[in-house]
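# Architecture and fold: a report
Each chain, written out:
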Amino acid sequence: MSENKYFEQFGQPFPVSDVSWRLQFVSKEKLQGIAVPYLDARAVADRLDAVVGQNNWKDEYTPWHNCNVEGKQKSSQLCTLYIYDDDKKEWIGKTDGAEDTDIEPVKGGISDAFKRAAVRWNIGRYLYDFNSEWVTVFQKKSGYDITDDEKRRLNGVYEATVKRLFGKEAP
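Here the structure is a predicted model, which is why all the values come from computation and not from measurement. Throughout, a residue's number is its position along its own chain's written sequence, starting from 1. Totals for whole chains, interfaces and linings use all residues, but because this is a predicted model, local features are given only for residues with pLDDT of at least 70 and pairs of side-chain atoms are given and counted only at 80 or more. The side-chain quantities take in all heavy atoms of the structure and omit both hydrogens and water.

## Topic: the pattern of salt bridges
Spelled out, the test is: The working definition used for a salt bridge is a side-chain nitrogen of Lys or Arg within 4 Å of a carboxyl oxygen of Asp or Glu. Think of it this way: any DSSP run of H or I at least four residues long counts as a helix, any run of E at least two long counts as a strand, and we number them from the N terminus. Categorising residues by exposure relies on relative accessible area from a 1.4 Å probe, with only protein chains included: less than 20% of the type maximum marks a residue as buried, more than 50% marks it as exposed, and the intermediate range marks it as partly exposed.
Scanning all chains against the criterion turns up nine salt bridges. As a salt-bridge pair, Asp-96 and Arg-116 come within 3.5 Å of each other at their nearest N and O atoms. In this pair, Asp-96 sits in strand 5 (residues 90-99) while Arg-116 sits in helix 3 (residues 105-120), placing the two residues 20 residues apart along the sequence. Since its relative accessible area comes to 14%, Asp-96 is described here as buried. Classification of Arg-116 as partly exposed rests on a relative accessible area of 38%. With a closest N to O distance of 3.7 Å, Asp-145 and Lys-151 form a salt bridge.

Set out below in structure tokens:
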């Protein structure tokens, strides 16, 4: 595999339908929050399948640390995302990690580690070039969510930012 064989294909923008926005911060008044774009693990796996094929990538997880922080047990895992190099006849891996999440802790941590390892392959890396966006939020049973009007606006922000970054429209 040449040094950048898949870099450009992996780095292409995702369709707006594959991108979600999550709240990174909610104001003390709880009326506004800061939203950032993200991909779910399925979109990342689909990109890997499309670019290198289903049998030419694999992921592997390793416990990273397990400790007690302020009376709560915290753990995390590393994900190594391997791509098979036909030229070298070997698997090439890139690794990153994440802690367990608040919701579905282990599953969420594994998913986050997978997505972070994918960024090392240039999958979704462009999302880090987005500005965070202030949005109107509403309270749910557990936490806050972005209003539907703001989600529609964020789709427009995504499309405009992709056009600025890539010089073309999102697929």
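More follows now that the structure is in view.
## Things to note about the nonpolar core
One recurring pattern in soluble globular proteins: nonpolar side chains tend to sit buried together. Applicable threshold: To qualify as a nonpolar core, a set must consist of buried Ala, Val, Leu, Ile, Met, Phe, Trp, Tyr and Cys residues joined through side-chain atoms within 4.5 Å. For this analysis, residues touch if any pair of their heavy atoms sits within 4.5 Å.
With 35 residues, the main nonpolar core has Phe-10, Trp-21, Leu-48 and Tyr-158 as its most contacted residues. Put simply, the parts of the chain that give this core at least two residues each are strand 1 (19-26), strand 2 (32-39), helix 2 (41-52), strand 4 (72-85), helix 3, strand 6 (133-139) and helix 4 (148-166). In terms of residue count, helix 2 provides more of this core than any other element does, six residues in total. Contact partners of Leu-48, with chain neighbours within four places excluded, come to Phe-10, Gly-53, Trp-57, Leu-81, Ile-83, Phe-114 and Ile-123.

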